[in-house]
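For reference, the chains in residue letters:
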Amino acid sequence: MYKNKFVGALYISPFIIGFVVFTAFPFLASLILSLTDAHLQDQLSDAHFIGLDNYGAMFRDATFRKSLSVTFLYVFLTVPLKLAFALLMAVLLNFRLRAIGLFRTVYYLPSILGGSVAVAVVWRFVFAGDGLINQLLHHLHLGGVNWLGEPSTAMFSLVLLRLWEFGSAMVVFLAGLKAIPSDLYEAADLDGASRIRQFFSITLPLLTPVIFFNFIMQIVQAFQEFNGPYIITGGGPMKSSYLLPLMIYEEAFKYFQLGYASALSWVLFLIIAVFTALAFWSQSKWVFYATENPNGESRGE
Amino acid sequence: MSMANWRKYWPAVSVTLRYGALIGVGFLMLYPLLWMVGSAFKNNSEIFSTVGFIPHDPTLEGFRNGWKTSTEYTFAHYLVNTMKIVIPKVICTVISSVIVAYGFARFAIPGRKLWFALLMATVLLPKSVLLLPQYLMFRQFGWLDTYLPLYVPQAFAVEGFFVFLIIQFMRSLPRDMEEAAVMDGCNSFQVLTLVVAPVILPAIISVALFQFMWSMNDFIQPLIYLSSVGKYPVSLALKMSIDVTEATSWNEILAMSAIALAPSLILFFVAQKYFVEGVTSGAVKG
Amino acid sequence: MTKISVRLNDVTKSFGGHEVIKGVSLDVEHGELVVFVGPSGCGKSTLLRLIAGLDTPTTGALHIAGKDVTYAHPSKRGVAMVFQSYALYPHMTVEDNIGFALKIKGLAKSEIKAKVARAADILQLTPLLKRLPKALSGGQRQRVAIGRAIVREPDVFLFDEPLSNLDASLRGQMRVEIARLHASLGATSIYVTHDQVEAMTLASKIVVLNGGRIEQVGAPLDLYRNPANLFVAGFIGSPRMNILPVTLEAADGASATVATPQGTFSLPRTGVTAAQGENLSLGLRPEHLHLAQDDEPALTGQVLLVERLGGETFAYVAPDGFENQQLIVRLDGDHAVAPQDRVRLSFDPRRAHLFGEDGAALGRTEA
């Protein structure tokens, strides 16, 4: 609308400055750091350039391998489960229900609060030896489980926390569902398609853009989960819940291995980037975009 | 005859089933929070013995002791600290996002497509890869153990998602009002502040609310930048309490957790609409 | 006896406490194109949806081709519907859209292909079979929607305002195509519209609905010549019939005399059963009024406004003595008439209509 290019540039100059200073520069710096043996408590000028040694060390590092496998387990468990559950609840909620606002609030609330320390703290109590879940189990005369103390179950508490936060994905799915015109379902009724058939032939294909969006958001978030492991399990026991972001933090701020931690953060970044790129590349195969409004002009009556 | 007429009754049956499932899941969702609030009002021995969330002998003991905290500051001090971080953060975010969004939405900027692509890239960029260099940078500035690293970047629209939200909103506005204002003699900044900003207020509120929530929950940033306990926001204070407090004073910790969540809860209930629209407008239109 | 394709028996429908369809009984014969017409909110779309099975009646029964389908599933009633918004599946090609129902039924792929090809041929869609709906024009999408219905070979076709989303010129074209299609397929069709021109031109039988009730059922010309009440008289025919308030002076078996501020007029009508002095409504269609010859009994008035359309001219006349009334007269295109002119308007008494206080038509003429 405005023709003055200089003024325009001025308007977005905060972003340009911010991008260069707080995004681009740190981004490149972390790559360079990963090629050094920088130590947090020393000056940067004392660091030496060691090439790809950090990356090599990584693959010999059993802790890293454990952390990596645990992280993948976490992501591959939570993302599909969370999306499926969010979609299921959105489908359940999607009808002329007067209390829809109430239910939506109830389900959405945990995802708003979930990222907070308070919830993580509560979660730790819920899963503690004499915490809520074990009390419930005792009530039902089932034995208690040492959730946070057993390597096999510690991860479970983190997975459950993330699933509990399905609300935001559900709200997005709901909006996508509502955007599908109801007369498509009526036409399908007349054509003889069962409800289930309609879900797979009409609802899912038309939801693919929303599924795509949610999928990417969830993957990017899941790989970067920090609060849970740090506060609830401390990464243990025996590193069974030692997610990568926690490892990066400890390497940098506990063991002061800045170079190694940077290399780890770059590996994490590359993993996320690969998944994101794969998702984008696969779009054309499975995501359907209805770019035009198929209903034409406004209705007469 | 009843088999042929089952279609008449099916709606009622399916509605009942739906409600049943919805209520069941809803209860499960809320239970941890209810338990938290209920336990905050119990004394410690009761927390360990009962499953229900309604206390038999409600007591404010948890709140009283928790408020004092086992440090030299009361919980109020930590709450104020949180506000000292969150409020500047929200203000900086809103102002910079609106200004940058206006630039993208209404100006013919050289290289616009490139800058917009970079903006979208920041939305997807995993922030963990920037954490360490940013720490070093702020150390270089001498900003460690201050609140500056927590909100200064926001003044430079680093949160691409918010800028994007506002751009979308602006794009859906007809330009007539702005063109009329220009004809009335306003420069672009006046148009933005006097004409556009009031109209896009819902989007601005959404941005402010989201940033408020996210900042209240922010943990890792304060964790790495703040070292003096006196500067701790609530998130760090809570974490500290579970390290320090003996294992049995749960009611204190849960009480403080409840208080920590209260502002977010209240805000959420009051302004739900904006949360929902904020999340969905990015997804469905995007 | 002609086969009855669709029979509605005292059907009612309520939403919440609100009754939308108030007791409708109707027979549709095999091969007819019946048009449901009426103003917004009259219930015509609701009625169509009841026949389609997308809603079920609160009370009453519905039979299609002899079977009781009141509560049957939409796909098991032998009906196919063309939706107002076309409801094409946006992610499927034209070919898949048309063939979807056949796929559900489980027909062999070759059979589906053949049937779809035949339907596409009838509707001239063959070059578009591989396209997606978003790459089609409004008229093309509508034909796909029709194709989807044809291919199922239903007992009854249902059309829900199919032309209202098209622009005016396209509407006229598609109207002709639908008429041609019905003529060649001979299938029973129920067509809903609010446009009385579509109703008049397409229907073998029109059902006029108002407020959930049937006002009149009949052939188009029947409704035009013998509207059963004021509502139908005003709805059918464009511009609207002129209605003047008059009182009954006298009525014998063969004629009725009405009193107006301009004197009395005698109309040849049989069977007028109103009392003397009763307030009646005199109905005169604009096309049945003409400028009076010198000796004809006429209404005098002053021209308020003239609309010239080239082929015809409409004059708005304020008749003397009547308060706040206006008569619209249809005149020849070349007629020289201007506002402020004083005119004398005459009419063929056999073409006049008479309605009682309750709005119902009184008596009959042979015209």
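If you're wondering where the values come from, they're calculated on a predicted model, not measured in any experiment.

## With respect to the overall build of chain B
Thinking step 1. Across its full length, chain B holds 15 helices and zero strands.
Thinking step 2. Radius of gyration (C-alpha) of chain B: 25 Å, far over the 19 Å computed for a compact globule of 286 residues.
Thinking step 3. Projecting the C-alpha coordinates of chain B onto the three principal axes gives extents of approximately 80 × 70 × 35 Å.
Thinking step 4. Within chain B, buried positions represent 53% of all 286 residues.
Thinking step 5. Across chain B, contacts joining residues at least 24 apart in sequence account for 71% of those joining residues at least 6 apart.
Thinking step 6. When the accessible area of chain B is evaluated, it comes to approximately 12,700 Å², of which 68% is carbon and sulfur surface.

## Some words on the sheet that holds strand 4 (residues 59–64) of chain C
All names here are of chain C.
Thinking step 1. Strand order across the open sheet formed by four strands is 2-1-4-5, with antiparallel pairing between neighbours. Two strands in the sheet have a free side with no partner beyond their single neighbour: strand 2 (18–29) and strand 5 (67–68).
Thinking step 2. Of the strand pairs in this sheet, strand 1 (residues 4–15) and strand 2 are connected by nine bridges, and their pairing is antiparallel. Following the sheet pairing, R7 is matched in strand 2 by D27.
Thinking step 3. Across the face of the sheet, helix 1 (residues 44–52) comes into contact with strand 1, strand 2 and strand 4 while running at roughly 120° to strand 1.

## So, the interface of chain A and chain B
Thinking step 1. Every contact between the two is made by 94 residues of chain A and, on the other side, 93 residues of chain B.
Thinking step 2. Carbon and sulfur atoms make up 81% of the area that chain A and chain B hide from each other, which totals about 8,400 Å².
Thinking step 3. Summed over the three residues of chain A that lose the most area to chain B, namely Y2, Y11 and F22 of chain A, the buried surface amounts to 11% of that side.
Thinking step 4. Our count for the contact surface shared by chain A and chain B stands at zero salt bridges.

## Let's talk about the side chain of N251 of chain B
Thinking step 1. Tracing the backbone through its elements, the reader meets N251 of chain B in helix 14 (residues 250–270).
Thinking step 2. In this structure, N251 of chain B is in contact with S39, A40, K42, N43, N44, I47, E61 and G62 of chain B, ignoring residues within four places of it in sequence.

## Observations regarding the pattern of salt bridges
Thinking step 1. In the structure shown here, the tally under the stated rule is 16 salt bridges over all chains.
Thinking step 2. Between D145 of chain B and K231 of chain B there is a salt bridge whose closest N-O contact spans 3.7 Å. Note that D145 of chain B is positioned in the loop between helix 6 (128–141) and helix 7 (148–151) and K231 of chain B in the loop between helix 12 (220–225) and helix 13 (234–244), a separation of 86 residues in sequence.
Thinking step 3. In this structure K231 of chain B comes out as partly exposed when scored by relative accessible area, which is 30%.
Thinking step 4. The salt bridge involving D348 of chain C is made with R350 of chain C; its shortest N-O contact spans 3.2 Å.
Thinking step 5. Here R350 of chain C falls in the partly exposed class, since its relative accessible area comes to 49%.
Thinking step 6. Because the salt bridges share partners, they merge into one network encompassing E186 of chain A together with R49 and D55 of chain C.

## Digging into the packing of aromatic side chains
Thinking step 1. Tallying each qualifying case throughout the model produces 57 aromatic pairs over all chains.
Thinking step 2. When the ring of Y2 of chain A is compared with that of F107 of chain B, the centres are 4.7 Å apart and the planes differ by 20°; the resulting orientation is stacked. Of the two residues, Y2 of chain A is situated in the segment before helix 1 (5–34) and F107 of chain B in the loop between helix 4 (75–106) and helix 5 (112–124); the pairing between them involves two chains. Taken individually, Y2 of chain A and F107 of chain B each receive the classification buried, so the pair is uniform in this respect.
Thinking step 3. Three or more aromatic residues joined by ring pairs form one cluster here, namely F22, F226, Y230, Y249 and F253 of chain A together with Y135, F138, F141, W143, F156, F219 and Y225 of chain B.
Thinking step 4. Across the ring face of F116 of chain B, the terminal group of R171 of chain B is positioned such that the distance to the ring centre comes to 5.6 Å.
Thinking step 5. The positively charged end of R285 of chain C is found above the aromatic ring belonging to Y224 of chain C, 4.2 Å away from the centroid.

## Structural notes on a nonpolar patch on the surface
Thinking step 1. On the surface, L73, L77 and L81 of chain A cluster together into a nonpolar patch covering about 250 Å² of accessible area.
Thinking step 2. Along the chain, L73 of chain A turns up in helix 3 (residues 62–93).

## Topic: the confidence of the model for chain C
When pLDDT is low, close inspection of the predicted coordinates is not appropriate.
Thinking step 1. Here chain C shows a mean pLDDT of 90. Residues at 70 or above account for 99%.
Thinking step 2. With pTM at 0.80, the complex prediction returns an ipTM value of 0.84.

## Quick notes on the pairing of strand 17 (residues 312–319) of chain C
Within a regular strand, the side chains alternate between the two sheet faces.
Residue and element names in this part refer to chain C.
Thinking step 1. Most of strand 17 sits inside the fold, with six of its eight residues counted as buried.
Thinking step 2. Between strand 16 (residues 299–308) and strand 17, which pair antiparallel in sequence order, lie three residues; one of them, G310, sits at a positive phi of approximately 95°.
Thinking step 3. Across six bridges, the pairing between strand 17 and strand 18 (residues 327–332) is antiparallel. Bridge assignment links V317 to a residue of strand 18, and that residue is L327.

## Considerations on the packing of helix 2 (residues 94–105) of chain C against helix 4 (residues 138–150) of chain C
Residues and elements named next belong to chain C.
Thinking step 1. Their axes nearest at 7 Å, the elements helix 2 and helix 4 cross at an angle of 30°. By the angle between their axes, helix 2 is roughly parallel relative to helix 4. Handedness of the crossing formed by helix 2 with helix 4: right-handed. Two secondary-structure elements touch here, helix 2 through V94, N97 and I98 and helix 4 through V144, G147 and R148.
Thinking step 2. Residues of the contact of helix 2 with helix 4, tallied by class, amount to three nonpolar, two polar and one charged.

## A closer look at the pairing of strand 19 (residues 342–347) of chain C
Residue and element names in this part refer to chain C.
Thinking step 1. Pairing analysis gives three bridges linking strand 15 (residues 289–291) to strand 19, with the strands arranged antiparallel. In the sheet register, L289 faces strand 19, and the bridge partner there is F347.
Thinking step 2. Across four bridges, strand 16 lies against strand 19 in antiparallel orientation. Bridge pairing links T300 to R344 in strand 19.

## Structural notes on a positive patch on the surface
Thinking step 1. A surface patch of positive charge is lined by R112, K113, R171 and R175 of chain B.
Thinking step 2. Within the secondary structure layout, R175 of chain B lies in the loop between helix 8 (160–171) and helix 9 (176–183).

The rules we used
Each chain carries its own residue numbering, running from 1 in the direction its sequence is written. Each chain gets a letter, beginning with A, and each ligand a number, beginning with 1, in the order they are written. Only residues with pLDDT of 70 or above have their local features reported here, since the model is predicted, and side-chain atom pairs are shown and tallied only from 80 upward, although totals for entire chains, interfaces and linings are computed over all residues. Side-chain metrics in this entry use all non-hydrogen atoms of the structure; hydrogen atoms and water are not considered. Runs of H or I in DSSP of at least four residues are treated as helices and runs of E of at least two as strands, each being numbered from the N terminus. Taken over C-alpha atoms, the radius of gyration is set against a globule rule of 2.2 Å times the number of residues to the power 0.38. Summary of the burial criterion: residues with accessible area below 20% of their type's maximum are buried, those above 50% are exposed, and those between are partly exposed, where the area comes from a 1.4 Å probe applied to protein chains only. Should any heavy atoms of two residues lie within 4.5 Å, those residues are counted as being in contact. All accessibility values rest on the Shrake-Rupley procedure with a 1.4 Å probe; residue burial counts only the protein chains present in the view. Strands are treated as partners if at least two bridges between them are detected by DSSP. Lines fitted to the C-alpha atoms define the axes, with helices restricted to the stretch that makes contact. Angles between their N-to-C directions range from 0 to 180 degrees. Summed over both partners, the accessible surface that disappears when two parts come together, traced with a 1.4 Å probe, is what is meant by buried area. What counts as a salt bridge is simple: a side-chain nitrogen of Lys or Arg found within 4 Å of a carboxyl oxygen of Asp or Glu. To pair, rings of Phe, Tyr and Trp, with the six-membered ring standing in for Trp, must have centres within 6.5 Å; the planes then decide the type, stacked if under 30 degrees apart, edge-to-face if over 60, and tilted in the middle. By definition, being over a ring means that NZ of Lys or CZ of Arg is both within 6 Å of the ring centre and within 35 degrees of the ring normal. To count toward a patch, a residue needs a relative accessible area above 30% and no salt bridge. Like charges then connect within 9 Å, nonpolar side chains (Val, Leu, Ile, Met, Phe, Trp, Tyr) within 5 Å. pLDDT is a residue-level measure of predictor confidence that goes from 0 to 100. When describing relative orientation, an angle under 35 degrees is termed roughly parallel and one over 145 degrees roughly antiparallel, while 65 to 115 degrees is termed roughly perpendicular and anything else oblique. Crossing handedness is read from the near helix: turned anticlockwise from the far helix by less than a right angle, it gives a left-handed crossing, and turned clockwise, a right-handed one. Note on residue classes: Ala, Val, Leu, Ile, Met, Phe, Trp, Tyr, Cys and Pro are nonpolar, Asp, Glu, Lys and Arg are charged, and everything else, Gly too, is polar. A residue counts as positive if it is Lys or Arg and as negative if it is Asp or Glu; His and the chain ends are not included. Charged groups are reduced to one reference atom each: NZ for lysine, CZ for arginine, CG for aspartic acid, CD for glutamic acid.

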